[in-house]
Amino acid sequence: MKKSKRYQTELISVVIILVTAALLVFLSVCLYKQPSLTVRFDAIIKWLANLESAVIGLDTKFEVLMCIFALYIAKCRLPLPLTFLCVIPGAVFSTPTALIINAAGISIYYLVKYFEGSWMGAGLITVILNARRARFLKEWILFKGSGNPYILLVSRFVPSIPPAMISILYGSMHYDIIKFWALSVLGFSPMMYIYTRIGAEIFNPFSKQFIILLIIIVSVTGITSLIFNIFFGIKSRQMTQTLLLYTQQKQKYRIVL
């Protein structure tokens, strides 16, 4: 069983490395060939430039703003990616304004999930964390029952960790809501800035800025996912070994009695 779990961890790590490396190589080639890509897709770039001018000249930005907040509210029940939600304001509004809008929308989403956990508990998430392989995660998050601020901060930065799960867990622990909100927004702010900037550059997807932003996202996602997978594999094996020793000792004393 120990070898099987180690093989599984190594296999997932290899897949993460290969996918991340392939995407980085592809984006690096695009960055190197950026001038030729700009010439080759000149028609698309012109069309996007006209679309950008039309978006900038919108007289109904208030309606767009309401739609954005409606999408953030819908995110509380629908599997809409936060990346997509953060990109939209960046494409319509100036970067400072888009950052404020995204910070407000993210706050709404986090707080709704926090209150959901506070009122209804963690439910299925607790069952998952009570599994033998994931029990150490529960100990980290609970942090003597008060909630771990460092895990909360780091989890918002790691794209592969579901934000709803973390919000519901901290809500179920009745973690201080002001600290929860501040740490959540602070932890997500680097990725929120990158996603917002992608929205600002989305009308020119062959620009150096756009490609570099994609390289940053792929790198962060790949590296953090790899670290989490390796660490999870090590800790889960240690947990399994500890439980096995405990079971063996328990059986031995049972025989003696």
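Predicted model, so just to flag it, every value in this text is computed and none were measured. (Residues numbered from 1 in each chain as written. Predicted model: local features only at pLDDT ≥ 70, side-chain atom pairs only at ≥ 80, totals over all residues. Heavy atoms only, no water.)

(A) Summary view of the overall build of the protein. Each helix and strand in the protein was counted, giving 12 helices and 0 strands. When the helices and strands of the protein are read in sequence order from the N terminus, they spell out α-α-α-α-α-α-α-α-α-α-α-α. Sorting the 257 residues of the protein into buried and exposed places 38% on the buried side. Pairs at least 24 apart in sequence give 75% of the contacts found in the protein among residues at least 6 apart. Counting only carbon and sulfur atoms, one obtains 72% of the accessible surface of the protein, whose full area is about 15,100 Å². (Helix = DSSP H or I, 4+ residues; strand = E, 2+ residues; numbered from the N terminus. Buried < 20%, exposed > 50% of the residue type's maximum accessible area, 1.4 Å probe, protein only. Contact = heavy atoms within 4.5 Å. Areas by Shrake-Rupley, 256 points an atom, 1.4 Å probe, with all protein chains shown as cover.)

(B) Up close: the environment of Glu116. Structurally, Glu116 can be placed in helix α6 (residues 95-120). For the pair Glu116 and Ile168, spaced 52 residues apart in the sequence, the C-alpha separation amounts to 6.3 Å. Beyond its immediate chain neighbours, meaning those up to four positions away, Glu116 contacts Arg77, Gly121 and Ile168. Within the local environment of Glu116, its side chain forms a polar contact with the side chain of Arg77, the two groups lying 3.2 Å apart. Looking at Glu116, its side chain comes within polar contact range of the side chain of Lys113, at 3.3 Å. (Polar contact = N/O pair within 3.5 Å; in protein donor to acceptor, adjacent residues only side chain to side chain.)

(C) Structural context of the pattern of salt bridges. What the rule picks out here adds up to 3 salt bridges. Ionic pairing is found between Lys113 and Glu116, a salt bridge with its closest N-O pair at 3.3 Å. Here Glu116 and Lys113 lie together in helix α6, a separation of 3 residues that amounts to about one turn. You'll find Lys113 and Glu116 in the same group, each marked buried. (Salt bridge = Lys/Arg side-chain N within 4 Å of Asp/Glu carboxyl O.)

(D) Representation of a nonpolar patch on the surface within the structure. A cluster of nonpolar side chains, namely Phe115, Trp119, Met120, Ile177 and Ile178, defines an oily patch on the protein surface of about 580 Å² accessible area. Those elements that place two or more of their residues in the nonpolar patch are α6 and α11 (177-201). At 3 residues, the largest contribution of residues to the nonpolar patch is made by α6. Its place among the elements puts Met120 in helix α6. On the accessibility criterion, Met120 (60% relative accessible area) is exposed. (Patch = residues over 30% accessible without salt bridge, like charges linked within 9 Å, V, L, I, M, F, W, Y side chains within 5 Å.)

(E) Main features of the nonpolar core. In this structure, Ile106, Tyr170 and Phe188 are the most contacted members of the largest nonpolar core, which totals 39 residues. Contributions of two or more residues to this core are made by α4 (61-75), α5 (82-92), α6, α10 (163-172), α11 and α12 (208-256). Here the element with the most residues in this core is α11; it accounts for 8 residues. Not counting residues up to four positions away in its chain, the partners in contact with Phe188 are Leu82, Cys86, Ile106, Tyr110, Arg156 and Tyr195. (Core = buried A, V, L, I, M, F, W, Y, C linked by side-chain atoms within 4.5 Å.)

(F) Spatial organisation of the confidence of the model for the protein. On average, residues of the protein score 79 in pLDDT, and 73% of them are at 70 or above. Within the protein, the lowest mean pLDDT, 58, falls on helix α7 (residues 124-129), and the highest, 93, falls on α11. (pLDDT = per-residue confidence, 0-100.)

(G) Region of the structure containing the packing of α4 against α5. Running from N to C, α4 and α5 cross one another at 170 degrees; their axes reach a closest spacing of 10 Å. Accordingly, the angle class assigned to the pair α4 and α5 is roughly antiparallel. Where α4 approaches α5, its residues Lys61, Val64, Ile68, Leu71, Tyr72 and Lys75 are matched on the opposing element by Leu82, Leu85, Cys86, Ile88, Pro89 and Val92. Each residue belonging to the contact of α4 with α5 can be placed in one class, and the counts come to 10 nonpolar, no polar and 2 charged. (Axes fitted to C-alpha atoms, helices over the stretch in contact; angles between N-to-C directions. Parallel < 35°, antiparallel > 145°, perpendicular 65-115°, else oblique. Nonpolar A, V, L, I, M, F, W, Y, C, P; charged D, E, K, R; others polar.)

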